[in-house]
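Chain and residue survey
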Amino acid sequence: MIEFSRVGHRFGDRVVLSDVELTLPERRVAFVGANGSGKSTLARMINGLVLPDDGKVLVDGLDPAKDGRKVRKHVGFVFTNPDSQIVMPTAGEDVAFSLRGSGLSKAERARRAAEVLAEYGLDGYAEHPAHQLSGGQKQLLALCAMLVLDPAVLVCDEPTTLLDLRNKRRFAELLGTLRQQVVLVTHDLDLLDGFDRVVVLDGGRVVADDEPEPALRYYRKLAE
Amino acid sequence: MISAHEPGTSVVHRAPVGAKLLALFALAAAVFVLGSPLWLGVLCGVVLLGYALARIPARRWLRTARALLILAVFVFALQWWLLGAQAALVVCLRLVTALAAANLVTLTTPVDDVVSAVERWARPLRRFGVRPESVGLLVGLTMQAVATLSGIAREVREAAKARGAERSVTAFAVPFLVRTLRHADELGEALAARGAGDR
Amino acid sequence: MPDVPAPRVSLPAADLARTVVFAAFIAVLGIFPGIYLGGSGVPIVIQNAGPLLAGAILGARRGTASVVLLLALVAIGLPLLSGGRGGLAPFVGPSGGFLFGWIASALVTGLIVQRAERPGLPVLLMATTAGLAVDYAIGIPFLGAYTGDLGAAAVQSLVFLPGDAGKVVAAAVIAAVVHRALPGTLARPAVHGE
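Just so it is clear, the model here is predicted, and its values are computed rather than measured. (Residues numbered from 1 in each chain as written. Chains lettered and ligands numbered in written order. Predicted model: local features only at pLDDT ≥ 70, side-chain atom pairs only at ≥ 80, totals over all residues. Heavy atoms only, no water.)

Our focus in this paragraph is the packing of helix H2 (residues 17–33) of chain B against helix H3 (residues 37–54) of chain B. Helix packing geometry: the angle between the two helix axes and the distance between the axes. All names here are of chain B. Contact geometry of H2 with H3 gives a least axis separation of 10 Å together with a crossing angle of 155 degrees. With respect to H3, the axis of H2 lies roughly antiparallel. Remark: the crossing between H2 and H3 carries left-handed chirality. Residue-level inspection shows Leu27, Ala30 and Val31 of H2 in contact with H3, the latter providing Leu40, Leu43 and Val47. Among the residues making up the contact of H2 with H3, the classes are represented as 6 nonpolar, no polar and no charged. (Axes fitted to C-alpha atoms, helices over the stretch in contact; angles between N-to-C directions. Helix = DSSP H or I, 4+ residues; strand = E, 2+ residues; numbered from the N terminus. Parallel < 35°, antiparallel > 145°, perpendicular 65-115°, else oblique. Left-handed = near helix turned anticlockwise from the far one by under 90°. Contact = heavy atoms within 4.5 Å. Nonpolar A, V, L, I, M, F, W, Y, C, P; charged D, E, K, R; others polar.)

Moving on to a negative patch on the surface. Residues Glu93 and Glu127 of chain A together with Asp112 and Asp113 of chain B make up a contiguous surface patch of negative charge. Tracing the backbone through its elements, the reader meets glutamate 127 of chain A in the loop between helix H5 (106–119) and helix H6 (135–147). (Patch = residues over 30% accessible without salt bridge, like charges linked within 9 Å, V, L, I, M, F, W, Y side chains within 5 Å. Areas by Shrake-Rupley, 256 points an atom, 1.4 Å probe, with all protein chains shown as cover. Salt bridge = Lys/Arg side-chain N within 4 Å of Asp/Glu carboxyl O. Lys, Arg positive; Asp, Glu negative; His and termini not counted. Charge placed at Lys NZ, Arg CZ, Asp CG, Glu CD.)

Moving on, we come to the environment of alanine 72 of chain C. All names here are of chain C. Position of alanine 72 relative to the elements: it lies in helix H3 (residues 60–75). The exposure class of alanine 72 is partly exposed, given its relative accessible area of 37%. Between the alpha carbons of alanine 72 and leucine 88 there is a distance of 9.7 Å; along the sequence they are 16 residues apart. (Buried < 20%, exposed > 50% of the residue type's maximum accessible area, 1.4 Å probe, protein only.)

With that settled, consider the packing of aromatic side chains. The geometry of an aromatic ring pair is captured by the separation of the ring centres together with the interplanar angle, meaning the angle of the planes. Taken as a whole and judged by the stated rule, the model has 8 aromatic pairs over all chains. Their ring planes at 45 degrees and their centres at 5.2 Å tell us that phenylalanine 176 of chain B and phenylalanine 25 of chain C sit as a pair that is tilted. Of this pair, phenylalanine 176 of chain B sits in helix H8 (residues 169–193) while phenylalanine 25 of chain C sits in helix H1 (residues 11–31), placing the two residues on different chains. Overall, the relative accessible area of 1% leaves phenylalanine 176 of chain B in the buried class. Phenylalanine 25 of chain C gets classed as buried once you look at its relative accessible area, which sits at 2%. Here the aromatic residues Phe172 and Phe176 of chain B together with Phe22 and Phe25 of chain C are joined through ring pairs into a cluster of three or more. The residue whose ring lies beneath arginine 100 of chain A is phenylalanine 97 of chain A, and the NZ or CZ to ring-centre distance is 4.3 Å. (Phe/Tyr/Trp six-rings, centres within 6.5 Å; stacked < 30°, edge-to-face > 60°. Lys NZ or Arg CZ within 6 Å of the ring centre and 35° of its normal.)

So, on to the sheet that holds strand S7 (residues 181–186) of chain A. Residues and elements named next belong to chain A. If you walk across this open sheet you meet the 6 strands as S5-S6-S7-S3-S8-S9, and the pairing is mixed. Every interior strand has two partners, whereas the edge strands, strand S5 (75–78) and strand S9 (205–210), have only one. Strand after strand, the sheet turns through a mean of 20 degrees between neighbouring axes, direction not considered. When strand S6 (residues 153–157) meets S7, the two strands line up parallel, connected through 5 bridges. Of the residues in S7, the one forming a bridge with aspartate 157 is valine 185. The sheet strands contacting helix H8 (residues 212–223) are strand S3 (28–33), strand S8 (197–202) and S9, and the helix crosses S8 at an angle near 20 degrees. (Pairing = 2+ DSSP bridges.)

Residues and elements named next belong to chain B. Here serine 10 lies in the segment before helix H1 (11–14). On the basis of relative accessibility, which here comes to 5%, the residue serine 10 falls in the buried class. For serine 10, the side chain forms a polar contact with the main-chain nitrogen of valine 12, separated by 3.3 Å. Sequence-distant contacts of serine 10, that is, excluding residues within four places in its chain, are made with Leu53 and Ala54. (Polar contact = N/O pair within 3.5 Å; in protein donor to acceptor, adjacent residues only side chain to side chain.)

Residue and element names in this part refer to chain A. It is the contact of H6 with helix H7 (residues 165–177), at a shortest axis distance of 10 Å, that shows an interaxial angle of 20 degrees. By the angle between their axes, H6 is roughly parallel relative to H7. H7 is crossed by H6, and the crossing has right-handed handedness. Taken together, the residues of H7 that come into contact with H6 (itself represented by Gly136, Gln139, Leu140 and Leu143) are Asn167, Phe171 and Leu174.

The structure is reproduced here in structure tokens:
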């Protein structure tokens, strides 16, 4: 369960979020909104990458402002551009990087990494140079690097913006099968099949919060 | 991983990293202290013997030798003109001996071995908060960043070309640097999301 | 593209990322062939402007750290210097002192730039000039130790002075533009969302 109570945030003079009040127990939640609506900032607060100026965030009872480390173990984060997220030279090393604080030996980490890669369709790519993977494969790799830690929550910030249509669909399907609670930030409305709840943001405020269909109807009207 | 290493199983290859580095430092010191062409010649001979022992294949050996020879001839000519023949010979022997020895260590030592050696040496520092594992991590992170930035550099150069500015330093360097810094911010965020800043 | 907010990440990760990425940046300056300087038509290696830029853009601490990291990776055998050179040979060769000098270069450049409230071109020029001067102050005696003649070493190094002077100016100009494009780069990482 993710709770935002009276959350506000500013960058300099610009108000990015104000008075956000949300309780999210659902398994599939989406944040939808235009550029600059504050949806990415709100998502980053779940992982403690951005801390609120006002109010409080709780993720399954953990406060990112106090337990940043615990929260980041609990919450995985997939960014838009996998090039920025992939930090090691080969796919296997990158996934193993996530496990470096786990107490496993180097060999065990490599084995575990190869297993996870195989599970999500990157079988045999452990030794492959990460930057030579295709765009879709890179985003899968970024996902594997998070899932190897088996987090309870997965936040994805526009993960399909740089993907082609086929890879986008695949990625969406894959998200549907995960056991994690998923929070998806997007303005791609095709991805929201099977979502339980859609939160629409505009100018840093929650302007709609509903099941996908009525929420998206409101969002489309907002865009006109 | 790309490196200057030449795989092999010789005595030189199998010698511990620490021993090789110590030998190199001792030799470099000796080369600087000694001023007699005779002794320098002996040291030079010892290094060449090392190459023979390591059985470095001719293609690697020739390439290094050719580069070294061109440098030595150039330096010799310049020193001869400035300082005279004897001094020129001493400088050239120093140059060839030190460079050939350093190159031999690099050729016979895989990067991974150096990394694990450094990690081993850093272990006593653990009580001061140094994490030895982070050496390998830094190597991997930087090599990945080199790959990413090479891609960015290529794109930026194409863009500069498209705007007819391929000869302008700023048209290349400024966008390259801005994107480099952006990438650093994103990487920092990604590392933080994966707990790299948390101790 | 997504609207990425200014992150307020914990500083160690952001510092680590900047150090690593700038070490890679200096490496790429050497690897990437054919950067044309002015109208000369001859590709010029501008890697030795890297430490000046690191100091001028990141400041003393992180700039120096990135140069140290790069040199350490070169020393363990990665071919990250211009022309694909790597290993220990570049350090023990006659111009090894200029490589060690890079560390002081980034440090001095960074220290001077940090003193300015908002680094403009004059301060940056002063900083990069001082940075190069320190590099020479370490590199020339090292070369002198090789040849046994400090004077001759100084005379030989004069060959590089015009090119290096160009790089000093270029580094200052570039750093000035970057500071204007991304204000706050020196102070704290990741404040570009302001």
